[in-house]
Amino acid sequence: MTTLRSVSLIGAPTDIGAGARGASMGPEALRVADLAAALQSHGVDVLDRGNLSGPSNPWLPPVDGYRHLNEVTTWNQTVHDAVYAELKTGRMPILLGGDHCLGLGSISAVARHCRDAGKKLRVLWLDAHADFNTSALTPSGNIHGMPVACLCGFGPQQLIEIGGKVPAISPKWVRQIGIRSVDAGEKRFVNEQELEVFDMRYIDEMGMRHTMELALATLDANTHLHVSFDVDFLDPDIAPGVGTTVPGGPTYREAQLCMEMIADTGFMASLDVMELNPALDLQNKTAKVAVDLIESLFGKSTLMRK
């Protein structure tokens, strides 16, 4: 069991795929909450690569079911290239978002790296939303509701081709955790594609421990574990700083257990931290909670565990 101990922080300051302004300030808020120092305290070698740059947000209505498609494509291509470059050098990329449409660029790069290295891929999608919309299903046209569908090959050509292979991933590689808001048409589509979803009802009934045991089952040393952590996964009581709050999310303790069980596998090899919106936060509270949980992904625990 190896733990990657060299990490590269990559800021992606854009809210290009979102419905509310402010996620573009997410990377800076995580830095203000001392993410780098927190990781260094766990013996991690941290390089902050600074922020990527891309088109500004034109704030226009949707065209053919998509808002800002060309700008979203440019941003995702930039993210893909940056994440892929870090993986090639053997460093662990941590993408600091930015809205969750960028998960498309990040995960398509991870999938490409796994193809190169002959590794299996498991994606944990921690989120209040399934993000499995298409232009036909979306009520808003906001592309941050579409990245998982795009990764699975359902979306506009320019987005689904970013990682060099269509589809970039199979729905069978994804485990979604904490879901509690899915649009009506999207609900049917998730069901048809047999996406494995552990929604909040499942977590309420079975508990976070059982949920994570299933989500992490069958991982081995040849599996690249990618965690895509949308901060709205958390209950808004502990994480108010997101554009799309949905009540009834995991508590602080449930979220900690989730992260600690991921850390225990030793297989996490890339991470997205998405949708943090400091404009909607209280004194950077949400960023601080996010940093605390990221520390748990890197092995912070109350006692020495055997």
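Before any of the text, the structure's been laid out above.
## Re the overall build of the protein chain
Now for step 1: The helix and strand inventory of the protein chain stands at ten helices and eight strands.
Now for step 2: Against the compact-globule benchmark of 19 Å for 306 residues, the protein chain has a radius of gyration of 17 Å, which places it among compact chains.
Now for step 3: Summarising its shape, the C-alpha atoms of the protein chain cover approximately 55 × 45 × 40 Å along the three principal directions.
Now for step 4: The proportion of buried residues among the 306 residues of the protein chain is 58%.
Now for step 5: Contacts in the protein chain between residues far apart in sequence, at least 24 positions, make up 77% of those at least 6 positions apart.

## Structural notes on the side chain of Asp99
Now for step 1: With respect to the helices and strands, Asp99 occurs in the loop between strand 3 (92-97) and helix 4 (103-117).
Now for step 2: No salt bridge is formed by the buried Asp99, whose closest oppositely charged neighbour, Arg67, lies at an N-O distance of 9.6 Å.
Now for step 3: Only 3.1 Å separates the side chain of Asp99 from the backbone nitrogen of Ile16, close enough to count as a polar contact.
Now for step 4: If near-sequence neighbours (up to four positions away) are discounted, Asp99 is found in contact with Thr14, Asp15, Ile16, Gly17, Ala18, Ala23, His144, Met274 and Glu275.

## Some remarks on the packing of aromatic side chains
Now for step 1: In the structure shown here, the tally under the stated rule is five aromatic pairs.
Now for step 2: Measuring from centroid to centroid gives 6.4 Å for Phe132 and Phe154, while their planes differ by 65°, and the two rings are edge-to-face. With Phe132 in the loop between strand 4 (120-126) and helix 5 (147-151) and Phe154 in the loop between helix 5 and helix 6 (157-160), this pair connects stretches of sequence that are 22 residues apart.
Now for step 3: One aromatic cluster is present, built from ring pairs that chain together Phe132, Phe154 and Phe189.
Now for step 4: In this structure, Arg67 is placed above the aromatic ring of Trp59, and the distance from its NZ or CZ to the ring centre is 5.1 Å.
Now for step 5: Directly above the aromatic system of Tyr84 lies the positively charged group of Arg112, at a separation of 4.0 Å from the ring centroid.

## Examining unusual backbone geometry
Now for step 1: Gly97 connects to Gly98 through a cis peptide bond whose omega is 20°.
Now for step 2: Examined against the element boundaries, Gly98 turns out to sit in the loop between strand 3 and helix 4.
Now for step 3: For the peptide bond that leads from Val166 to Pro167, omega is -10°, which places it in the cis range.
Now for step 4: With respect to the helices, strands and loops of the structure, Pro167 is situated in the loop between helix 6 and strand 5 (174-179).
Now for step 5: Positioned with a positive phi, Trp59 is a non-glycine residue whose angle comes to about 55°.
Now for step 6: With respect to the element layout, Trp59 can be found in the loop between strand 2 (45-51) and helix 3 (69-88).
Now for step 7: Positive phi values are uncommon outside glycine, yet Gln283 reaches one of about 50°.
Now for step 8: On the basis of relative accessibility, which here comes to 76%, the residue Gln283 falls in the exposed class.

## So, the side chain of His113
Now for step 1: The topology assignment puts His113 in helix 4.
Now for step 2: On the accessibility criterion, His113 (16% relative accessible area) is buried.
Now for step 3: With residues up to four places along the chain from it excluded, the contact list for His113 reads Tyr84, Leu87, Lys88 and His224.

## Let's talk about the pairing of strand 7 (residues 223-230)
Now for step 1: Along strand 7, eight of the eight residues are buried, which leaves the element largely enclosed by surrounding structure.
Now for step 2: Alternating residues of strand 7 divide into Thr223, Leu225, Val227 and Phe229 and His224, His226, Ser228 and Asp230, and every residue in both groups is buried.
Now for step 3: The pairing of strand 7 with strand 8 (residues 268-274) spans six bridges and is parallel. Considered in strand 8, the bridge of Phe229 is made with Val273.
Now for step 4: Between the parallel pair strand 7 and strand 8, the chain is carried across by helix 9 (residues 252-265), and the sense of this crossover is right-handed.

## Focus: the packing of helix 9 against helix 10 (residues 285-297)
Now for step 1: Following both chains from N to C, one finds helix 9 and helix 10 inclined at 30°, their axes separated by 7 Å at the closest point. On the basis of their axis angle, the class for helix 9 and helix 10 is roughly parallel. Packed against helix 9, whose contacting residues are Tyr252, Ala255, Gln256, Met259, Glu260, Ile262 and Ala263, the element helix 10 presents Asp292, Leu293, Ser296 and Leu297 at the interface.
Now for step 2: For the contact of helix 9 with helix 10, a count of residues per class yields seven nonpolar, two polar and two charged.

## Considerations on the sheet that holds strand 6 (residues 196-199)
Now for step 1: Here we have eight strands laid out as an open sheet, ordered 2-1-3-8-7-4-5-6, and parallel in their pairing. At either margin of the open sheet sits one strand with a lone partner, and together these are strand 2 and strand 6. Sheet twist, expressed as the average angle between the axes of neighbouring strands with direction ignored, equals 15°.
Now for step 2: In this sheet, strand 3 lies alongside strand 1 (residues 6-12) in parallel orientation, the contact comprising six bridges. Looking across to strand 3, one finds that Ser8 is bridged to Pro93.
Now for step 3: Along the sheet, helix 10 contacts strand 7 and strand 8; its crossing angle with strand 8, the most-contacted strand, is approximately 170°.

How each quantity is defined
Residues numbered from 1 in each chain as written. Predicted model: local features only at pLDDT ≥ 70, side-chain atom pairs only at ≥ 80, totals over all residues. Heavy atoms only, no water. Helix = DSSP H or I, 4+ residues; strand = E, 2+ residues; numbered from the N terminus. Rg over C-alpha atoms; globule rule 2.2 N^0.38 Å. Buried < 20%, exposed > 50% of the residue type's maximum accessible area, 1.4 Å probe, protein only. Contact = heavy atoms within 4.5 Å. Lys, Arg positive; Asp, Glu negative; His and termini not counted. Salt bridge = Lys/Arg side-chain N within 4 Å of Asp/Glu carboxyl O. Polar contact = N/O pair within 3.5 Å; in protein donor to acceptor, adjacent residues only side chain to side chain. Phe/Tyr/Trp six-rings, centres within 6.5 Å; stacked < 30°, edge-to-face > 60°. Lys NZ or Arg CZ within 6 Å of the ring centre and 35° of its normal. Pairing = 2+ DSSP bridges. Right-handed = clockwise from strand over helix to strand, strands pointing away. Axes fitted to C-alpha atoms, helices over the stretch in contact; angles between N-to-C directions. Parallel < 35°, antiparallel > 145°, perpendicular 65-115°, else oblique. Nonpolar A, V, L, I, M, F, W, Y, C, P; charged D, E, K, R; others polar.

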